[in-house]
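These are the residues of each chain, in order.
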Amino acid sequence: MSAQPASRVPDEAHQPDEPLWCTRCNSDQHLVVDSIQSHYPPAPNTVDVAYECRTCNYSYDQTATVQRVAVVLNRPGGSQGILQFGGQYLHCGEPMRTTSCERRRIQAPLVLKPGSQLRMYEVIINTRILGCPCGFHMEIPD
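Residues numbered from 1 in each chain as written. Predicted model: local features only at pLDDT ≥ 70, side-chain atom pairs only at ≥ 80, totals over all residues. Heavy atoms only, no water.

(A) How the structure looks around the overall build of the protein. Regarding its fold elements, the protein presents 1 helix and 9 strands. Secondary structure elements of the protein, listed N to C terminal, follow the sequence β-β-β-α-β-β-β-β-β-β. The buried share of the protein, reckoned over its 142 residues, is 25%. Within the protein, contacts between residues at least 6 apart in sequence are counted, and of these 43% link residues at least 24 apart. In the form shown here, the protein has an accessible surface area of approximately 10,200 Å², with 53% of it arising from carbon and sulfur atoms. (Helix = DSSP H or I, 4+ residues; strand = E, 2+ residues; numbered from the N terminus. Buried < 20%, exposed > 50% of the residue type's maximum accessible area, 1.4 Å probe, protein only. Contact = heavy atoms within 4.5 Å. Areas by Shrake-Rupley, 256 points an atom, 1.4 Å probe, with all protein chains shown as cover.)

(B) View of the sheet that holds strand β1 (residues 31-38). One open sheet accounts for 6 strands, arranged β3-β2-β1-β4-β5-β6; its pairing is mixed. Strand pairing shows two members of the sheet lacking a second neighbour, β3 (58-65) and β6 (94-95), which therefore form its edges. Its contacts with the sheet put helix α1 (residues 66-73) on β1, β2 (46-53), β3 and β4 (82-85), and the angle it makes with β3 is roughly 135°. (Pairing = 2+ DSSP bridges. Axes fitted to C-alpha atoms, helices over the stretch in contact; angles between N-to-C directions.)

(C) Region of the structure containing the nonpolar core. Ranked by size, the top nonpolar core spans 14 residues in total, and within it Leu20, Leu31, Val33, Ile36, Val49, Tyr51 and Val69 carry the most contacts. Elements that contribute at least two residues to this core include exactly β1, β2, β3 and α1. At 4 residues, β2 tops the list of elements feeding residues into this core. Setting aside its immediate chain neighbours within four residues, Val69 contacts Leu20, Val33, Ile36, Val47, Val49 and Ala64. Counting 5 residues, the second-largest nonpolar core is a separate cluster that includes Met96, Leu130, Cys132 and Ile140. (Core = buried A, V, L, I, M, F, W, Y, C linked by side-chain atoms within 4.5 Å.)

(D) Inspection of the environment of Leu110 at higher detail. Assignment of secondary structure puts Leu110 in strand β7 (residues 97-110). Residue classification places Leu110 among the partly exposed residues on the basis of a relative accessible area of 37%. Separated by 11 residues in sequence, Leu110 and Tyr121 place their C-alpha atoms 7.0 Å apart.

Just distances and angles here, no functional claims.
Structure (structure tokens):
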């Protein structure tokens, strides 16, 4: 007679079964998926997803099945905007491509103590300009 540990359960039983849902407006009708990442440790058919409710302006992070995420992504008439999927950014359903790289200087005044001299601080950051075939562009830190 072979024995199986009591904690051994088929993979399907470990699948997260919670739908993507806004607890504030009690709906999934206004959800927008922002990011999909691989789940760690890897689990079949499972991803980590970040999404927000456009009505409540509230953000969520959860582990979900690919099917649960697809319910929101495949909803007709819903514009998703920009989606980060792993290391890719998608707009209009197309991966965005690097069109150029820039060096940006960000400056801000800072007073450390009342009555002390105003000092200017700056940060220099390298960025990538990403473009979509539709003409949309965005800039991200490199």
